[in-house]
Structures are given as C-alpha cells and as structure tokens.
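Given next are the chains, with one letter for each unit.
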Amino acid sequence: MSSKKQVILVCSLILLWYSSNIGVLLLNKFLLSTYGFRFPIFLTMCHMSACAILSYISIVFLKFVPLQTLKSRNQFLKIATLSLVFCGSVVGGNISLRYLAVSFNQAVGATTPFFTAVFAYIMTLKRESWVTYAALVPVVTGVVIASGGEPGFHLFGFIVCISATAARAFKSVLQGILLSSDGEKLNSMNLLLYMSPIAVLVLLPATLVMEPNVVEVTISLGKEHKYMWLLLALNSTMAYAANLSNFLVTKHTSALTLQVLGNAKGAVAVVISILLFRNPVTVMGIGGYSITVCGVIAYGEAKRRFK
C-alpha cells in the first residue's frame, strides 16, 4: 500500500511540475503578446514577489523544508550576485516571448547544456570527454536549422532569447562556484527564498524607469478584461509552483529523472503552444528542434556515462 501511495505521490508531483512549467510559459506568452500586457519586467517582478511570499509561507510556516539561515555577509553578497543573473535570464526569456513563438523559444532554450559546458570550461577549466562535447554539435546545429525554418523569426527576439539561455547556464555554473563550500550550500527552495526579495528590489526601479506607464495600462486592462487580475495572480503563483514542484520531483525521484522529464516537457509545451496559438511551423523547423532535443538527450547520457 505504501508503494502505491509513493507511486501516486510521484505521479501527482510530475503532473504538477508539467502543468505549472508549461502553464506559466503559455500564460506568459498569452499575456505578453496576445492580451496586450506588454510589460515583461513588471511581469517578472510579479513572479518574484509571489516566489518571495510563498517561499516564506512554505518554509517558515508549512515547514516544507528546514529553514537555512545565512551565515555571513559574504554569503549574502554571493546570493545577491546570483539573483541579478537570475533576474536577467527570466526577464530576457519573458521579453523574447513578445517576439517569438513558444515553439521556437523552447528550441533556443534547449541549447542550455551547450552554454553550461562552455561556461564550466571557461570559469572552472572543467573538461568533459570528447564524446560529451560531440553530443553538443547536434544541439547547436538543430537550433541553426530551426532558425532557418522559423516563419516568424525575429532577430531581436532571437538575440534576447539566446542571451537569456546563456544567462541561465551562467547562473548554474556560478552557483556551483559561489556556493561550493558545505557551510554555504543552500537547497533550491531556501535559495529561492533569499533570491526572490533581492530580485524584487532590483526589478522595481527597473520597472519604474523602463515601463513607466505600467500601472495605468494594467488598471485599464483590468477594467477592460474582468479576468486580467486573476490571470496575473495565477501566472505568478504558477511561477512559484514550477520551482516548488521542481524541487519535490528531484527529492522524490532523481536529477536524472528530472532531466529526462525536462526533455519531454519541452516537446509537450511545443505541441500545446502550436495548438493554442496556431503559430505556423515548417518541416524544417520541427526537424531542427527534433535534432536539438536528440542532442540534449545524447549529451545527458554521455555526461552520465563518461563522468
């Protein structure tokens, strides 16, 4: 019976992880390019605000994970640095959704392992086996092919999206360097608890300067569309649920399982987005994305075998 309960729990967590990750991506696209809510920095600030509040409630009151306190000013500065990079990657990803289809956005995002390997080599001189590096060739090749076959290709959107992908990989490598000592390591939920408020403090002035009419337009949209505030609240809550479910799935399965599920998640998100937004796709674009996904799978397997 306990075995059945464990299976049900894991399946429920995977379902939550899929629905929250894909849901926040599709809602971001809907709000930013279809709904007329053209404020990616403010939207990211809403996400970070929800993460800060819900992280505090889940850790301090609900005790999902033990609270890990910061032990030094130096540790705080390291987390603040990570938060800045994290902000850049999330804002960049949201901006790109204004210009690119979700399917192409996901294809570009799948190149994260390539940038991770590059930054790991530059920053830590960590070398992988030649087989692992060879697996990255189709990752990049696939995106090049997908770019050529993308009907709605937008150069600025592509540059922002590839920059956001690189920033996400950079944050991953930087986190491994800055929080490498046992005394400074934080689990992902505690790290989110400390990064989120810092991100809000950074994004607030950025919003006021770069999106000065955000309050006026948001209130106007709220009056025009009765579900505006509900969608914004749901979107922000999903952003936190994606982080929480990511942590819980890893805890109850393994990092390898999460990686496999992540590869499938990208494909599911692409199919759903095409059905919802009806964005045109080509055989060349689908082929390019498929090559990239196969490369990511091969990279993960090569890294596991030749570690």
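Structural data are supplied above this passage.
Everything numeric here is computed off the predicted structure, so don't read it as measured data. Once a new chain begins, its residue numbering starts again from 1 and follows that chain's sequence as written. Given that the model is predicted, a residue must reach a pLDDT of at least 70 before its local features are reported, and side-chain atom pairs must reach 80 or more before they are shown or counted; all residues, however, enter totals for whole chains, interfaces and linings. In computing side-chain values, all of the structure's heavy atoms are included and hydrogens and water are not.

Quick notes on the overall build of the protein
For the protein, the helix and strand inventory stands at twelve helices and zero strands. By the criteria applied, helices consist of DSSP H or I runs no shorter than four residues and strands consist of E runs no shorter than two, each listed in order from the N terminus. In the protein, the succession of α and β elements from N to C terminus is α-α-α-α-α-α-α-α-α-α-α-α. Along the three orthogonal principal directions, the C-alpha set of the protein runs to about 55 × 50 × 50 Å. Exposure is judged per residue with a 1.4 Å probe applied to protein chains only, and the accessible area is read against the type maximum: over 50% gives exposed, under 20% gives buried, and values in between give partly exposed. Residues classed as buried in the protein amount to 48% of the 307 residues present. Within the protein, contacts between residues at least 6 apart in sequence are counted, and of these 86% link residues at least 24 apart. For the protein, the computed accessible surface area is about 15300 Å², with 70% contributed by carbon and sulfur atoms. Note on contacts: a residue pair is in contact if any heavy atoms of the two residues lie within 4.5 Å. All accessibility values rest on the Shrake-Rupley procedure with a 1.4 Å probe; residue burial counts only the protein chains present in the view.

Details of the nonpolar core
F37, F42 and L232 are the most contacted members of the largest nonpolar core, which totals 57 residues. When residues of this core are traced back to their parent elements, those giving at least two are helix 1 (2-34), helix 2 (40-61), helix 3 (73-96), helix 7 (155-178), helix 8 (188-210), helix 9 (214-224), helix 10 (228-252) and helix 11 (255-277). The greatest single-element share of this core, amounting to ten residues, is contributed by helix 8. Residue types Ala, Val, Leu, Ile, Met, Phe, Trp, Tyr and Cys, when buried and joined through side-chain atoms within 4.5 Å, form a set referred to as a nonpolar core.

Remarks on the packing of helix 3 against helix 8
Closest axis-to-axis distance for the helix 3/helix 8 pair is 8 Å, and the angle between their directions is 65°. In terms of orientation, helix 3 and helix 8 fall into the roughly perpendicular class. Crossing of helix 3 over helix 8 shows right-handed handedness. Facing F76, I79, A80, L82, S83, L84, F86, C87 and V91 of helix 3, the residues of helix 8 in contact are L191, Y194, M195, I198, A199, V202 and L203. Just so you know the grouping, Ala, Val, Leu, Ile, Met, Phe, Trp, Tyr, Cys and Pro go in nonpolar, Asp, Glu, Lys and Arg go in charged, and all remaining residues, Gly too, go in polar. In terms of residue class, the contact of helix 3 with helix 8 is built from 15 nonpolar, one polar and no charged. Between the N-to-C directions of two axes lies an angle of 0 to 180 degrees, each axis being a line fitted to C-alpha atoms and, for a helix, fitted only over the stretch in contact. Should an angle fall under 35 degrees it is taken as roughly parallel, and over 145 as roughly antiparallel, whereas 65 to 115 is taken as roughly perpendicular and any remaining angle as oblique. Crossings are sorted by hand: turned counterclockwise from the far helix by less than a right angle, the near helix makes the crossing left-handed, and turned clockwise it makes it right-handed.

Examining the side chain of S55
Along the polypeptide, S55 turns up in helix 2. What S55 contacts, discounting residues up to four positions off in sequence, is A50, L192, L193 and Y240.

Re the pattern of salt bridges
Put simply, a salt bridge is a Lys or Arg side-chain nitrogen that is within 4 Å of an Asp or Glu carboxyl oxygen. By the definition in use, this model includes five salt bridges. Here the salt bridges do not stand alone but share partners, grouping K126, E128 and K303 into one network.

Description of the environment of A199
The topology assignment puts A199 in helix 8. Each C-alpha atom of the pair A199 and S83 lies 5.8 Å from the other, and the pair is 116 residues apart in sequence. When near neighbours in sequence (up to four residues on either side) are disregarded, A199 contacts M48, S83 and C87.

Here's the deal with the packing of helix 3 against helix 7
Where helix 3 contacts helix 7, the two axes come as close as 8 Å, and the packing angle between them is 160°. Comparing the axis directions of helix 3 and helix 7 gives the class roughly antiparallel. In this structure, helix 3 crosses over helix 7, and the sense of that crossing is left-handed. Residues K78, T81, L82, V85, F86, S89, G92, G93, I95 and S96 of helix 3 form the contact with helix 7, whose participating residues are F156, G157, V160, C161, A164, A167, R168, F170, K171, L174, Q175 and L178. Along the lines of polarity and charge, the residues of the contact of helix 3 with helix 7 split into twelve nonpolar, seven polar and three charged.

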